[in-house]
Amino acid sequence: MTAAALTLIWSSGSLAAENPTPLELLQEQETVLGELESAQGALHPDLVTPLQAMVDLLREQSEFERAAELQEQMLEVMQANAGEQSPDWIPSLKEMVAGRANSGATDGVDDLLRGLRILNAAQHDYPELIRTIELEAHWLMTEGAGTTGEQRVKSFLRAQQVLANQYALLIGEFFDKNDPMIIPWMYHATLNNYQLGEMIMFLCAFDDYSRRRLEAQIPGVYYYTVKLGNLDWIRDIGEHYSAVDDLEGQAMAKIYEADFVLRASRSEAFELYENARELLREAGVPEERIGLYFSRPQLIPTSRFYPTLEEAIGKQEADIAAWSPEQQGAAHVGTFRAWNESVPAVAMPVSDHVFWDSSSNYYQVIVELNISSAGRVSAVGVIDMEPEDEEFQRYVRRAVLSKRFRPAMVEGRGQSLRDVQMRVLIPRTEG
């Protein structure tokens, strides 16, 4: 008996009964499932449809445990038919990921995300495939990172390999380098490479145990330098805007390139900032808007690439408005969300594609710091902290000292700032 015939039987029965109860609907789907299993076997792909219907009905009745059991059966069917997967299964897989992530049951989420990747690859949906790979990496760096410091570092390194290999390979293989769609992806790859360098520098500088731990995972890590080699991606972004005669886009690419260069070379970075200002003027951007943007110290690198100055200013202003010190009139630079307690020097990864609830329970630390004319941080003091733990306080101060700012600039010259406040949020992790 075909799935179509069974669906017709189910539909006829449903129409015969006026206002069927949820139990009756569930029984009808169980009948369809049983007939399909008998006729076509326990792993036939047609079983996915009645199984999903039963999961939905059970959830409506708050029978979550049984719904989870049927989801496991549905996943077995999907995995057994990897070569025949249907795009109609994507919502079900996403629902499984969200259900497990939101319940804290992280086991198996990696496999589910890989299943999504296989589905998108089979459909030749390359933009969605790249987004799914980015989500795999995001999962490894956040909810799937583990609870111990060693687990988190290993997870970060696994995520970095995903982005440096699969993610970057697909961008280069399936998209022209002048395709505007890939600009956020290229920036994301550059940012992740930079963060790997931040993690290595922070842990290697902190203590011998951390250095040995990283040595075991990346041979020669003590001498490892992240070449800001992925700066090629940022330069490709600039070339894209040059090819389409977008002066403002070229300027923004130079600003972000300078942000990545600043830690290694102040003179080169400031030359790039000046080039960017000239391009903005040529593009007709008002001088007062250029001055406003550069007059504010900016924690770098930023989490996203903004192709226009107004978008970048909008992000600055949103960050400033999101938090302000209790002390009236105190200068502040907004909020830094740390990755986790193990490496608070690294920023929390950001994804535009997450469809599950992420952690939002944080330790809060209010610090005061000085920012030099080259964007270096010094004189970090803790004003308020939860929890009040001296060792943790030292760890956070060390993390803040390792950060870098694009300094406030007036007429191209960096300005030193004293007693600037910043809020640091660090996710609370069970375990």
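Draft legend 1. Spotlight on the packing of helix α11 (residues 231-243) against helix α12 (residues 247-261). At a closest axis distance of 8 Å, the pairing of α11 and α12 adopts a crossing angle of 165 degrees. Judged by the angle between their axes, α11 and α12 are roughly antiparallel. Like other packed secondary-structure pairs, α11 and α12 cross with a definite hand, here left-handed. Every residue of α12 that contacts α11 at Leu231, Ile234, Arg235, Ile237, Gly238, Tyr241 and Ser242 is listed here: Gly249, Gln250, Ala253, Glu257, Phe260 and Val261. In terms of residue class, the contact of α11 with α12 is made up of 7 nonpolar, 4 polar and 2 charged.

Draft legend 2. Looking closely at the pairing of strand β4 (residues 377-386). Judged from the 7 bridges that link them, strand β3 (residues 362-371) and β4 form a sheet pairing that is antiparallel. Within β4, the residue paired with Ile366 across the bridge is Asp384. Joining the antiparallel neighbours β3 and β4 is a turn of 5 residues, in which Gly375 adopts a positive phi near 90 degrees.

Draft legend 3. Representation of the pattern of salt bridges in the model. Taken as a whole and judged by the stated rule, the model has 17 salt bridges. Glu274 is paired through a salt bridge with Arg281; the nearest N and O atoms lie 3.9 Å apart. Between Arg289 and Glu310 there is a salt bridge, and its shortest N-O distance comes to 2.8 Å. In this pair, Arg289 sits in helix α14 (residues 287-294) while Glu310 sits in helix α15 (residues 309-322), placing the two residues 21 residues apart along the sequence.

Draft legend 4. Molecular detail of the packing of aromatic side chains. One pass over the structure, following the stated rule, counts 16 aromatic pairs. With 6.3 Å between their ring centres and 75 degrees between their planes, Tyr273 and Phe294 make a pair best called edge-to-face. Of this pair, Tyr273 sits in helix α13 (residues 266-282) while Phe294 is found in helix α14, placing the two residues 21 residues apart along the sequence. Assessed through its relative accessible area of 0%, Tyr273 is described here as buried. One residue, Arg266, lies across the ring of Phe270, its end atom 4.3 Å from the ring centre. Over the face of the ring belonging to Phe294 we find Arg277, whose NZ or CZ atom lies 4.8 Å from the ring centre.

Draft legend 5. Broad picture of the sheet that holds strand β8 (residues 417-427). Reading across the sheet, the 4 strands line up as β2-β8-β3-β4 and stay open at both edges, with mixed pairing between neighbours. The open sheet has two free edges, formed respectively by β2 (332-337) and β4, since each of these has just one partner strand. Neighbour to neighbour, the strand axes of the sheet diverge by 25 degrees on average, direction disregarded. Where β2 lies against β8, 4 bridges are found, and the strand directions are parallel. Paired with Thr335 across the two strands is Arg423, which belongs to β8. Seen against the sheet, helix α16 (residues 390-401) touches β3, β4 and β8 and runs at an angle of roughly 140 degrees to β4.

What counts and how
- Residues numbered from 1 in each chain as written.
- Predicted model: local features only at pLDDT ≥ 70, side-chain atom pairs only at ≥ 80, totals over all residues.
- Heavy atoms only, no water.
- Axes fitted to C-alpha atoms, helices over the stretch in contact; angles between N-to-C directions.
- Helix = DSSP H or I, 4+ residues; strand = E, 2+ residues; numbered from the N terminus.
- Parallel < 35°, antiparallel > 145°, perpendicular 65-115°, else oblique.
- Left-handed = near helix turned anticlockwise from the far one by under 90°.
- Contact = heavy atoms within 4.5 Å.
- Nonpolar A, V, L, I, M, F, W, Y, C, P; charged D, E, K, R; others polar.
- Pairing = 2+ DSSP bridges.
- Salt bridge = Lys/Arg side-chain N within 4 Å of Asp/Glu carboxyl O.
- Phe/Tyr/Trp six-rings, centres within 6.5 Å; stacked < 30°, edge-to-face > 60°.
- Buried < 20%, exposed > 50% of the residue type's maximum accessible area, 1.4 Å probe, protein only.
- Lys NZ or Arg CZ within 6 Å of the ring centre and 35° of its normal.

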